[in-house]
Amino acid sequence: QVHLVESGGGLVQAGGSLRLSCAASTRTYNTYIMGWFRQAPGKEREFVACTSRGDNYREYMDSVKGRFTISRDTAKNTVYLQMNSLRPEDTAVYYCALSSAPYDIVRSPTNYKNWGQGTQVTVSS
């Protein structure tokens, strides 16, 4: 069982930035697709971004393109989500997850088997 631990959430004003981190208990670079999801109160969990094995492909939800960047630190077995130009509608609990699905990119949460505990991001207007 791979354990994932997120950190870096907090309260920020609109237009500000945060960097979320997700530390894995094992090497993930060439083994797993790594993804970030978020869930706002009363809403379903939604895909935010993911990076393929080997970091060759990255995909983002439309509303965060150009503002969020997903990246990996292979030495630390950590994946990051750099979030810039934050908006109040980005407020949610953010989760990282890993997938062993046989694809480059996976957007559906049902394809992710391991999840972190989540970190709260609150953007004030």
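For the structure, see preceding data.
In this numbering scheme, every chain counts its residues from 1 along its sequence in written order. In keeping with the predicted nature of the model, local features appear solely for residues at pLDDT of at least 70, side-chain atom pairs appear and are counted solely at 80 or more, and the whole-chain, interface and lining totals rest on all residues. Calculation of side-chain values draws on the structure's entire complement of heavy atoms; hydrogens and water are dropped beforehand.

### Re the environment of S85
Moving on, step 1. Here a helix means four or more residues in a row that DSSP labels H or I, a strand means two or more in a row labelled E, and each is numbered from the N terminus. Among the secondary structure elements, S85 is positioned in the loop between β8 (78-83) and β9 (92-99).
Moving on, step 2. Separated by 37 residues in sequence, S85 and T122 place their C-alpha atoms 13 Å apart.
Moving on, step 3. Only heavy atoms enter the contact rule, under which two residues are in contact if any of them lie within 4.5 Å. Excluding anything up to four places from it in sequence, S85 contacts G15, G16, S17, R67 and D90.

### Some points on empty space enclosed by the protein
Moving on, step 1. Site definitions follow a grid-based scheme: protein atoms alone, a 1 Å grid, a 1.4 Å probe that fits but cannot get out for cavities, and for pockets an open set with protein on both sides within 12 Å along at least five of seven lines, plus lining residues having an atom within 4 Å of a point. Grid points are joined across faces, edges and corners, and a volume is the space filled by probe spheres set on the points. Applying the stated criterion to the full structure yields one cavity of 30 Å³ or more.
Moving on, step 2. If you add up the space inside the largest cavity, you get close to 40 Å³.
Moving on, step 3. Lining the largest cavity are T28, Y29, R72, D73, T74, N77 and T78.
Moving on, step 4. Split by residue class, the lining of the largest cavity holds one nonpolar, four polar and two charged. Three categories are distinguished: nonpolar for Ala, Val, Leu, Ile, Met, Phe, Trp, Tyr, Cys and Pro, charged for Asp, Glu, Lys and Arg, and polar for the others, with Gly belonging to the last.

### Considerations on the sheet that holds strand β1 (residues 4-7)
Moving on, step 1. Here, any two strands with at least 2 DSSP bridges between them count as paired. Spatially, the four strands line up as an open sheet ordered β1-β3-β8-β7, and their pairing is antiparallel. The sheet terminates laterally at β1 and β7 (68-73), the two strands that pair on one side only. The average angle at which neighbouring strand axes cross in this sheet is 15°, direction not considered.
Moving on, step 2. Bridge count between β1 and strand β3 (residues 18-24): four bridges; the pairing is antiparallel. Bridged to E6 within β3 is C22. In this analysis an axis means a line fitted to C-alpha atoms, helices contributing only their contacting stretch, and an angle means the value between N-to-C directions, from 0 to 180 degrees.

### Topic: the environment of S99
Moving on, step 1. Within the fold, S99 resides in strand β9.
Moving on, step 2. As a C-alpha pair, S99 and E59 span 40 residues in sequence and 14 Å in three-dimensional space.
Moving on, step 3. In this structure, S99 is in contact with Y32, I33, R53, V106, N111 and Y112, ignoring residues within four places of it in sequence.
Moving on, step 4. For the purposes of these results, a polar contact is taken to be a pair of N or O atoms within 3.5 Å, where, inside protein, one atom must be able to donate a hydrogen and its partner to accept one; residues adjacent in sequence count only when each atom of the pair is a side-chain atom. Within polar-contact distance, the side chain of S99 engages the backbone oxygen of N111 at 2.8 Å.

### Some thoughts on the state of the cysteines
Moving on, step 1. The criterion for a disulfide is a pair of cysteine sulfur atoms lying within 2.5 Å. For the structure shown, the criterion picks out one disulfide.
Moving on, step 2. The side chain of C22 participates in a disulfide bridge whose partner is C96; the two sulfur atoms lie 1.9 Å from each other. Here the disulfide of C22 and C96 is right-handed, its torsion about the S-S bond being about 55°. Of the two residues, C22 is situated in strand β3 and C96 in strand β9; the sequence distance between them amounts to 74 residues.
Moving on, step 3. For C22, a relative accessible area of 1% gives the class buried.
Moving on, step 4. Residue classification places C96 among the buried positions, given a relative accessible area of 0%.
Moving on, step 5. No disulfide involves C50; its sulfur sits 13 Å from that of C96, the nearest cysteine.
Moving on, step 6. Only protein chains enter the accessibility calculation, which uses a 1.4 Å probe; a residue is then buried when its area is under 20% of its type maximum, exposed when over 50%, and partly exposed in between. Since its relative accessible area comes to 0%, C50 is described here as buried.

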